[in-house]
Amino acid sequence: MDLGIRGKRALVCASSKGLGRGCAEALAEAGVDLVMNARGAEALEAAAAEIRSRYGVEVTAVAADITSDEGRAKVLEAAGAVDILVNNAGGPPPGMWTDWDREDFIKALDANMLTPIALIKALVPGMMERGWGRVVNITSQSVKAPIPALGLSNSARAGLTGYVAGTSRQVAGKGVTINNMLPGIHATDRADALDKGVAAREGITLEEARARREASLPVGRYGTSEEFGATCAFLCSQHAGFIVGQNILLDGGGVNSTL
Ligand code: NAP
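Residues numbered from 1 in each chain as written. Predicted model: local features only at pLDDT ≥ 70, side-chain atom pairs only at ≥ 80, totals over all residues. Heavy atoms only, no water.

1. A short note on the site of the ligand
In the neighbourhood of the ligand, 28 residues make up the surrounding shell, with Ser16, Leu19, Ala89, His186 and Thr188 lying closest. Taking Asp65, its side chain carries an N or O atom lying 2.8 Å from a nitrogen atom of the ligand. Contacts to the ligand include Ala89, whose backbone N or O atom sits 2.6 Å from an oxygen atom. Taking 880 Å² as the accessible area of the ligand by itself, protein coverage stands at 89%. Where the shell around the ligand is concerned, the elements lending two or more residues are α1 (18–29), β2 (33–38) and α6 (189–202). The class makeup of the residues in the shell around the ligand is nine nonpolar, 13 polar and six charged. (Near = heavy atom within 4 Å. Polar contact = N/O pair within 3.5 Å; in protein donor to acceptor, adjacent residues only side chain to side chain. Areas by Shrake-Rupley, 256 points an atom, 1.4 Å probe, with all protein chains shown as cover. Helix = DSSP H or I, 4+ residues; strand = E, 2+ residues; numbered from the N terminus. Nonpolar A, V, L, I, M, F, W, Y, C, P; charged D, E, K, R; others polar.)

2. With respect to the side chain of Ser16
Tracing the sequence through the fold places Ser16 in the loop between β1 (9–12) and α1. Each residue touching Ser16, except ones within four places of it in the same chain, is listed here: Arg21, Asn37, Ala38, Ala43, Leu44 and Ala47. (Contact = heavy atoms within 4.5 Å.)

3. Quick word on the nonpolar core
Generally speaking, soluble globular proteins have nonpolar side chains that are buried together. Residues Ile5, Leu27, Leu34, Met36 and Ile84 are the most contacted members of the largest nonpolar core, which totals 33 residues. Looking at this core, the elements that each hand over two or more residues are β1, α1, β2, α2 (41–55), β4 (84–87), β5 (133–138) and α8 (225–235). Element by element, the count of residues in this core is highest for α1, at six residues. Aside from chain neighbours lying at most four places away, what touches Leu34 is Ala10, Val12, Ala24, Leu27, Ala28, Ile51, Glu58, Val59 and Thr60. Judged by nonpolar contacts, the second largest core, of 24 residues, contains Ala79, Leu123, Met127 and Val164. (Core = buried A, V, L, I, M, F, W, Y, C linked by side-chain atoms within 4.5 Å. Buried < 20%, exposed > 50% of the residue type's maximum accessible area, 1.4 Å probe, protein only.)

4. Brief notes about the pairing of β4
Looking along a regular strand, one sees the side chains alternate between the two faces of the sheet. Alternating positions in β4 separate into two faces, Ile84 and Val86 on one and Leu85 and Asn87 on the other, with burial throughout. Here β1 runs beside β4; their pairing, made up of three bridges, is parallel. Counted as the bridge partner of Val12 is Val86 from β4. Judged from the four bridges that link them, β4 and β5 form a sheet pairing that is parallel. Following the sheet pairing, Val86 is matched in β5 by Val136. One crossover worth recording links β4 to the parallel β5 by way of helix α4 (residues 102–130), and it is right-handed. (Pairing = 2+ DSSP bridges. Right-handed = clockwise from strand over helix to strand, strands pointing away.)

5. Considering the packing of aromatic side chains
The geometry of an aromatic ring pair comes down to the distance between the two centres and the angle between the two planes. Under the criterion given, the structure shown has one aromatic pair. For the pair Trp100 and Phe105, a centre-to-centre distance of 6.3 Å together with 85° between the ring planes defines the contact as edge-to-face. The exposure class assigned to Trp100 is buried, which follows from its relative accessible area of 14%. Using a relative accessible area of 29% as the deciding quantity, one classes Phe105 as partly exposed. Here the basic side chain of Lys8 rests over the ring of Trp132, its NZ or CZ set 4.1 Å away from the ring centre. (Phe/Tyr/Trp six-rings, centres within 6.5 Å; stacked < 30°, edge-to-face > 60°. Lys NZ or Arg CZ within 6 Å of the ring centre and 35° of its normal.)

This is the structure we're talking about:
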């Protein structure tokens, strides 16, 4: 399927690895020029070089912490006007509900709620003026069904979800859609880190922790960044202009609910 977005320009945050990388690859495959971002310059430059040579699109790499004011300013300056924004950043650490104090919550809100909101505010007005735009926020299945150990994520992402629900309906009339993608477990470094935590706590191997989790999913496996990226590219395509303010769950059937 031709996604109809060849020649568009996208900012994909936190995209040297994992789900953000999957989104960057799929958009590049559709002919979209990219601004990629991550904190670590080496992995970012390597990812940018691979994507440039594989898909022949323009790729600008900006090494910066997207959750800081300075980092966002640097990324926005390099990005200029973009047609597509994919919001992403690392997720908050796991713990117990009794563990977190005000500073922990502020950090999680900054990274997973206020950073995407700041980028939406910076870039969506230009998209509205030009009459076309796509915003996809990578959130989590924790928005639909809370993950006990990820209380910081449950809280911050729920806040972003409320903001998107209201804002998406105010910008859709100018050709701009905003939607959220809610990953369940995907095979990335983040999943490894979470599985390592389980293995250490329960005295089992990493492989055992992963096998146990895979067995708990209806599909019997973790998702891939490629699958995730393909859905992101579709949401950013010409064909997705009627999808507004939705929360798309990609979880292998893990969240047990009717709707
Ligand atoms: P990942 O494999 O750890 O990749 C994270 C990517 O983001 C890397 O490129 C990393 O590069 C970059 N990054 C992290 N923090 C950043 C920051 N502050 N500024 C700029 N770049 C940053 O993570 P992932 O699995 O793709 O997860 C992406 C998001 O989805 C996270 O918020 C995660 O919590 C959420 N999620 C993931 C899963 C899953 O199963 N994988 C499930 C639910 C939700 P640098 O480290 O070099 O900055």
